[in-house]
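The chain contents come next:
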Amino acid sequence: MTDDDRPGDDDLAEMLRRLLGGQGGIDPEELQRLSGGAIDPAMMQNVARYLQDAMSGSDDGIDWSSARTQALHIANQDGLGITAGTRQDFDQAFTLAALWLSEATSISDLATPPRAITRGEWVESTLPVWQELAEPVASSISDALMSALESQTPEEVRSAIEGAGRLMRRVGGALFAGQLGAVIGRLSLEVVSGGDVGIPLMPDGEATILPQNFADFGRDLEIDHDQLALALATRELAHARLFRHARWLRLHVISQITDFARGVLVDVDALEEMASRFDPSSPDELRAAIESGALLPQRSEAQVAALTRLENLLATIEGWVDVVTADALTRLPAADRVAETVRRRRAAGGPGERAMASLVGLELRPRRLREAAAMWRAVTDAVGAAERDSLWDYPDLMPTAEDIDDPAALVARLQARARGEEPERDAFDDALAALLDEEADSGSSSPDPAERADDPNDEAEGPAGPRPV
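Residues numbered from 1 in each chain as written. Predicted model: local features only at pLDDT ≥ 70, side-chain atom pairs only at ≥ 80, totals over all residues. Heavy atoms only, no water.

Before going further, it helps to spend a moment on the environment of Ala 207. Mapped onto the elements of the fold, Ala 207 is located in the loop between helix H8 (164-187) and strand E2 (208-209). Each C-alpha atom of the pair Ala 207 and Leu 237 lies 5.9 Å from the other, and the pair is 30 residues apart in sequence. Contacts of Ala 207, omitting those with residues within four sequence positions, involve Leu 110, Pro 114, Arg 115, Glu 236, Leu 237 and Ala 240. (Helix = DSSP H or I, 4+ residues; strand = E, 2+ residues; numbered from the N terminus. Contact = heavy atoms within 4.5 Å.)

Written as structure tokens, this is what we have:
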């Protein structure tokens, strides 16, 4: 190739403008010509395909449809359908579980019948919540990747690549969407029920069990199939009933997780170091860094506080579910063995925790579960199930972290309330009373103008001072 045949800077700039401006595809032969024949057309075709896929994503840079496709691919790869006999078995387990549960809690039954679902159905039902939880981190990674890659671009080239920022944001979004789909897909192979993860993933008021994963869960437990199904159905119904009754609770949990996720800051130094050698045709290094959480640095103080609040909240929820389930299953011989299996699975860090750690750097483990369950047991023994369950009627009634630490104080308040007595004053009440008294005193020290006008001894004051006598 002669010097006259070699492409000029204007040709290369025009090609980049078309690509990064979303104005059509790239011909690999054109890439080879522009490179003077030094680039393998097959390799450049992979580059072009990857970049074009990123450019075809949504405007916010995160292609959630690709996450769905990836998750369903994993879920359905070895997924099994549900036979009529299996569905009938779980229907019977749910029916008996509902009867026993109604004896253990005053919270009413579900309006929607519980059901057995496949792995793919679980993905379809839970994906909207996963998207809501992961979106803050996805945006942070996309923005950071855009900034890092732009910082690696020479100044003289930036003017020619007007759409580079949008492309880089979509590259990060595409990678995170792929990771999200993989995490959800792998999770669908392990979860046994809708509430297994510990957060409200299913639509409000729906209780579900995944028979294929249930079979894997109970394979080595040596527990009768019918007893295991009844125990897990009772736990699932208790979880679903609670979130349907306390409708504010769902938003409360999700808001606390997203608040934590919005505080995630990407490790810009590590990202810039990877960006300097980023190969769009082989994004494995960047994908591995996103999946491992290597780009999410140490938690901030605000995140540590948010995590503490979330752990207390999850422990309070799961502790209630544990106590109510145990009370409902007193007639089931294998109830204690199933409960211990669930506790061990949770303590080891179940599938939900691994998913949240990968997506938002959050350890979703209710570490104070035993203390919270002990609190609910003390409350149940002292005031009964109805008074206990009334604590879920309003957000300000729900037990706090201090109540988990000192259940006796909570029990005393509930017993006093049941007797119609005024609750004991605490430090907040004393501070509020002092503030109100102070305002009342300051108000009384300034006589009403009308009273001053009626006072003959009061000297009227005009603009220039006291009125002369």
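The rest of the description comes next.
In total, this model carries three aromatic pairs according to the counting rule given. Aromatic side chains Phe 90 and Phe 214 sit 5.1 Å apart centroid to centroid with 85 degrees between the ring planes, which places their arrangement in the edge-to-face category. One end of the pair, Phe 90, is in helix H5 (residues 84-104); the other, Phe 214, is in helix H9 (residues 211-218), with 124 residues separating them in the sequence. Across the pair, exposure class does not vary: Phe 90 and Phe 214 are buried alike. Here a set of aromatic residues connected by ring pairs shows up, and it is made of Trp 320, Trp 376 and Trp 392. (Phe/Tyr/Trp six-rings, centres within 6.5 Å; stacked < 30°, edge-to-face > 60°. Buried < 20%, exposed > 50% of the residue type's maximum accessible area, 1.4 Å probe, protein only.)

A positive phi angle, close to 55 degrees, is found at Glu 222, a residue other than glycine. Looking at Glu 222, the relative accessible area reads 71%, which means it is exposed.

Further remarks concern H5. Here H5 contains 21 residues, and its C-alpha end-to-end distance of 31 Å stays within 8% of the 30 Å for a straight helix at 1.5 Å per residue. Three or more residues of H5 are buried, namely Phe 90, Ala 93, Phe 94, Ala 97, Ala 98, Trp 100, Leu 101 and Ala 104. (Expected span 1.5 Å × (residues − 1).)

Here the focus is the packing of helix H10 (residues 225-245) against helix H15 (residues 335-347). Running from amino to carboxyl end, H10 crosses H15 at an angle of 60 degrees, the nearest separation of the two axes being 10 Å. If you check the angle between H10 and H15, you find them oblique. Regarding H10 and H15, the two cross each other, and that crossing is right-handed. Of the residues in H15, those in contact with Leu 228, Ala 231, Leu 232 and Arg 235 of H10 are Val 338, Val 342 and Arg 346. Looking at the contact of H10 with H15 residue by residue, the class counts come to five nonpolar, no polar and two charged. (Axes fitted to C-alpha atoms, helices over the stretch in contact; angles between N-to-C directions. Parallel < 35°, antiparallel > 145°, perpendicular 65-115°, else oblique. Left-handed = near helix turned anticlockwise from the far one by under 90°. Nonpolar A, V, L, I, M, F, W, Y, C, P; charged D, E, K, R; others polar.)

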